[in-house]
Amino acid sequence: MWEQGEFADYTESFPNPRVTQDALPYWAAVKEGRLLFQRCPACRGAIFPPRSICPMCEAGATPTWEESKGAGSIYSYSVVHRPPSAVWRARSPYTIGLVRLDEDWFLFTEIEGRPEDMAVDKRVQLAFPEREVALPVFRLVDEGAPR
Amino acid sequence: MKTPDRSLGRVAAIIGMGDSYADKQDVKDPLQLATEASWAAFKDAGIRKDDIDILLTGRSPWADRRPQWNNIFASHMQMPVRMTTEITFHGAGVNAMIGQAALAIAAGVADYVLCVQSDAVELFIDATAVGAATDACPQFEFPYGPTIPTIYAQLACRYMHEFGVTEEDFAEVAVQRQEWAVHHPKAAKRRHGLITVDDVMRSPYISSPLRRWMCATWGPGGTAGAFVITSVERAKQARRPIYIHGFGTCTTHEYLCERINLRKCRIPLGPLPAITTTGAAHAAREAYAMADMTPADMQIGALAGNFSHTVLVQLEDLGFAPKGRAMDLVRSGRMRPGGDFPVDTNGGWMGFGQPGISVAADSLVETVRQLRGDPLGLKAGNSPKRAMAYSAGGMLACHSAVILGTEAQ
């Protein structure tokens with residue numbers, strides 16, 4: 001019978017991303033507080049998650065890395081009221097959503113802000129808060145604030 | 001994409017079905033459940049264990065995560081077979097197996113194929129953390145702390161946004177599932193009795209906009225479904241054959257972060273990027289074409305609605321309602337007990353519950369039982385002869401549609 005201990009890491013501490021070879025530059029940039037994505041030199045399409053060959057065209061081209069400006073909008077969101085494990089409970093409720101970056105690619109990410117302020121199409125900006133595990137998250141942009 | 005040969009909808013039939021159940025008072029593990037269901041299926045089919053040429057299972061049960069579970073089961077049964085494999089279509093596996101079994105029959109490599117799936121999550125593991133650890137992308141999703149409902153809620157959010165559907169609409173879907181579930185002796189939510197829209201709206205958020213009653217629950221403790229498939233010719237000698245009129249499958253991705261970044265797809269999913277149309281539409285189209293039938297020909301349905309909004313999206317993708325309009329069909333009452341198009345007659349994944357990976361087998365068991373007029377719960381009032389049994393797996397990832405009927409075509 002399968003042992004519960006197999007997933008112990010996930011329930012007793014914040015999980016680290018399981019980094020793939022394709023994404024090594026992405027995570028290296030995250031440590032520097034930058035957000036990277038890929039672009040196909042042939043079809044010019046934005047690519048994410050990272051790949052070694054563009055999956056969107058038949059050119060078979062090696063994607064190039066680009067830095068995101070970190071500006072985008074909420075495509076979808078959900079406020080997590082029943083977290084997956086004990087470590088998340090202290091932080092809940094927190095919001096997880098799909099953010100559409102202005103460079104036209106999507107990140108599954110956390111959106112910081114009051115749950116009642118969340119809405120589809122609201123503008124968000126990239127942030128790298130101090131956390132146990134470094135991750136790019138987004139914050140609601142205060143539309144009324146001076147720019 | 002090549003269109004499957006339509007004659008494949010006239011080659012195979014289910015001649016034996018077996019089901020098995022467990023709970024806290026009667027604990028059985030996945031091997032025991034699958035064994036019990038398989039022997040019941042052999043008996044129902046009127047065949048011997050040693051008649052089985054090919055064994056298909058789904059991926060290993062959550063409650064017994066050993067790889068090559070299909071082979072472990074063949075070994076446990078002392079049942080040498082020509083071929084065995086797991087159809088790893090997530091929860092859609094068991095429906096996909098029916099199609100693969102029909103292909104094996106059509107190719108002439110098997111006289112009898114056994115398809116079986118079992119699980120018993122509630123009796124053996126804590127699935128909340130493990131679930132997301134399995135189905136969220138371990139690199140770009142899981143580190144953010146989602147649960148499975150959180151991932152599915154992204155579709156719920158978009159579905160509400162794009163089509164003006166409300167939480168009260170989602171509540172009505174839950175109410176109708178419960179109307180069937182209260183009559184099924186094995187349904188996990190039976191004990192709660194009938195519910196109202198207010199009851200659903202008062203239940204706490206799990207992951208907004210999804211409230212507790214809008215989500216499938218774990219349980220019943222354990223289940224298994226086993227199916228013996230043979231040729232239409234052999235089936236004519238069988239006691240209660242159920243004919244396989246059509247099948248179709250489609251998989252579009254594994255993780256949601258991949259699906260939302262999909263920009264080009266040879267399977268029609270509507271304008272991309274978007275997530276409100278799924279591969280179910282393609283799977284169903286292939287099944288209807290093979291059966292030479294339309295959605296209007298279906299007299300009963302079994303969905304894979306683990307949440308209120310997936311019930312709605314599936315009704316649309318399977319062709320029972322235009323995109324964004326499934327609530328009209330819900331409000332019509334046609335799918336409720338006594339309606340002329342009963343759907344999810346065991347309570348569906350929301351009312352019957354999700355014992356684990358075997359949840360799709362439970363829906364298929366229910367479909368076969370209703371077609372035979374032999375349900376454990378409430379009988380469909382319209383004596384259905386043709387059924388759509390659909391299953392979904394993963395995070396909107398894998399889709400499998402099977403059209404079954406009581407009469408050979």
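Counting restarts for each chain: residues are numbered from 1 in the order of the written sequence. Here chains are named by letter from A upward and ligands by number from 1 upward, in the order in which they appear as written. Local features are withheld for residues below a pLDDT of 70 in this predicted model, meaning they are given only at 70 or higher, and side-chain atom pairs are given and counted only at 80 or more; totals for whole chains, interfaces and linings count all residues. The side-chain figures draw on all heavy atoms in the structure; neither hydrogens nor water molecules are used.

Student: Tell me about the overall build of chain B, and please be specific about residues and values.
Tutor: By definition, any uninterrupted DSSP run of H or I lasting at least four residues is a helix, any uninterrupted run of E lasting at least two residues is a strand, and each is numbered from the N terminus. A tally of regular secondary structure across chain B gives 15 helices and eleven strands. For 409 residues, the compact-globule formula gives about 22 Å, and the C-alpha radius of gyration of chain B, at 19 Å, lands near that figure. With respect to the three principal axes, the spread of C-alpha positions in chain B is 55 × 45 × 40 Å. Partly exposed describes any residue whose relative accessible area lies between the buried limit of under 20% and the exposed limit of over 50%, with all areas from a 1.4 Å probe on protein chains only and scaled to the type maximum. Out of the 409 residues in chain B, the part that is buried amounts to 68%. What the globule rule says is 2.2 Å times the number of residues to the power 0.38, and the radius of gyration is computed from C-alpha atoms.

Student: Please set out the overall build of chain A residue by residue, giving values where relevant.
Tutor: Counting its secondary structure elements, chain A contains three helices and eight strands. Counting helices and strands in the order they occur from the N terminus, chain A gives α-α-β-β-β-β-α-β-β-β-β. Residue pairs in contact within chain A that sit at least 24 positions apart in sequence constitute 51% of those at least 6 positions apart. Contacts between residues were defined by any pair of non-hydrogen atoms, one from each residue, lying within 4.5 Å.

Student: Describe the sheet that holds strand β11 (residues 398-405) of chain B, with residues and values.
Tutor: Residues and elements named next belong to chain B. If you trace the nine strands from one edge of the open sheet to the other, you get β3-β2-β4-β7-β1-β8-β11-β10-β9, paired in mixed fashion. Strand pairing shows two members of the sheet lacking a second neighbour, β3 (83-86) and β9 (300-302), which therefore form its edges. Each strand of the sheet is rotated relative to its neighbour by a mean of 20 degrees, with strand direction disregarded. Pairing of strand β2 (residues 54-57) with β3, which is carried by four bridges, proceeds in the parallel orientation. The partner of I54 across the bridge, within β3, is M83. We treat two strands as partners when DSSP finds at least two bridges between them. Inter-axis angles, ranging from 0 to 180 degrees, are taken between N-to-C directions of lines fitted to C-alpha atoms, where helices are fitted over the stretch in contact.

Student: Which residues make up the nonpolar core, and what values go with them?
Tutor: Across soluble globular proteins, nonpolar side chains have a tendency to be buried as a group. Residues and elements named next belong to chain B. Counting 156 residues, the largest nonpolar core has F227, I229 and M388 as its most contacted members. Filtering out sequence-adjacent residues up to four positions away, M388 remains in contact with A284, Y288, M298, I300, G301, A302, L318, F320, A401, V402 and I403. Definition used in this section: a nonpolar core is a set of buried Ala, Val, Leu, Ile, Met, Phe, Trp, Tyr and Cys residues joined via side-chain atoms within 4.5 Å. Ranked by size, the runner-up nonpolar core spans 30 residues in total, among them A45, I47, I52 and F73.

Student: So what's going on with the state of the cysteines? Which residues, and what values?
Tutor: Covalent bonding between the sulfur atoms of two cysteines is what defines a disulfide. Residue and element names in this part refer to chain B. For the purposes of this analysis, a disulfide is any pair of cysteine sulfur atoms at a distance within 2.5 Å. Inspection of every chain in the model, using the stated rule, returns zero disulfides over all chains. In this structure C137 is not part of a disulfide, and its nearest cysteine sulfur, from C257, lies 4.1 Å away. Between C250, a free cysteine, and C265, which holds the nearest cysteine sulfur, the sulfur-to-sulfur gap is 6.8 Å.

Student: A description of the sheet that holds strand β3 (residues 64-67) of chain A should follow, citing residues and the corresponding values.
Tutor: Residues and elements named next belong to chain A. The strand order across the open sheet formed by three strands is β2-β1-β3, and the pairing between neighbours is antiparallel. Where the open sheet ends on each side, the last strands, each with one partner, are β2 (46-47) and β3. Here strand β1 (residues 36-39) runs beside β3; their pairing, made up of four bridges, is antiparallel. When the bridges of β3 are listed, L36 appears paired with E67.

Student: Quick one: what's the story with the pairing of β1 of chain A, residue by residue and with numbers?
Tutor: A regular strand carries its side chains on alternate faces of the sheet. Residue and element names in this part refer to chain A. With burial as the criterion, each face of β1 is covered, one bearing L36 and Q38 and the other bearing F37 and R39. With two bridges joining them, β1 and β2 adopt antiparallel strand pairing. Residue pairing across strands places R39 opposite A46, the latter belonging to β2. Linking β1 to β2, which pair antiparallel, is a turn of six residues; within it R44 sits at a positive phi near 70 degrees.

Student: Lay out the side chain of K189 of chain B in plain terms, naming residues and giving numbers.
Tutor: All names here are of chain B. Here K189 lies in the loop between α7 (167-181) and α8 (197-202). Charge assignment in this entry is limited to Lys and Arg as positive and Asp and Glu as negative, and neither His nor the chain termini are counted. One speaks of a salt bridge when a side-chain nitrogen belonging to Lys or Arg is within 4 Å of a carboxyl oxygen belonging to Asp or Glu. Lacking a salt bridge, the buried K189 has D344 as its closest oppositely charged neighbour, with an N-O distance of 11 Å. A polar contact of 2.8 Å, which involves the side chain of K189, links it to the backbone oxygen of C215. What K189 contacts, discounting residues up to four positions off in sequence, is Q178, R212, W213, C215, A216, T217, M350 and G351. Identification of polar contacts relies on pairs of N or O atoms within 3.5 Å, with a donor-acceptor requirement for protein atoms, meaning one able to donate a hydrogen and the other able to accept it, and with residues adjacent in sequence counted only if both atoms are side-chain atoms.

Student: I'd love a proper account of the pattern of salt bridges, names of residues and values included.
Tutor: Scanning the model with the defined rule gives 36 salt bridges over all chains in all. Its salt-bridge partner being D104 of chain A, residue R263 of chain B comes within 3.1 Å of it at the nearest N-O pair. Placement of R263 of chain B in the loop between α10 (256-260) and α11 (280-291) and of D104 of chain A in the loop between β5 (94-101) and β6 (106-112) is noted, with the two residues assigned to different chains. Note that R336 of chain B and E179 of chain B form a salt bridge whose closest N and O atoms lie 2.7 Å from each other. Here R336 of chain B is found in the loop between α13 (326-332) and α14 (348-351), whereas its partner E179 of chain B is found in helix α7, with 157 residues between them in sequence. The exposure class assigned to R336 of chain B is partly exposed, which follows from its relative accessible area of 32%. In this structure, a network of salt bridges that share partners links the residues D19, D44, R239, R240, R369, R372 and D374 of chain B.

Student: Before we move on, can you summarise the environment of S207 of chain B with the specific residues and values?
Tutor: Residue position: S207 of chain B is located in strand β5 (residues 205-207). Residue S207 of chain B is classed as buried on the basis of its relative accessible area, which comes to 0%. A C-alpha to C-alpha distance of 6.8 Å links S207 of chain B and A153 of chain B, two positions 54 residues apart in sequence. Beyond its immediate sequence surroundings of up to four residues, S207 of chain B is in contact with S78, V79, V80 and H81 of chain A together with P149, T150 and A153 of chain B. Looking at S207 of chain B, its side chain comes within polar contact range of the side chain of S78 of chain A, at 2.7 Å. A distance of 3.0 Å separates polar atoms of two side chains, one belonging to S207 of chain B and the other to T150 of chain B.

All we've got here are geometric facts, nothing functional implied.
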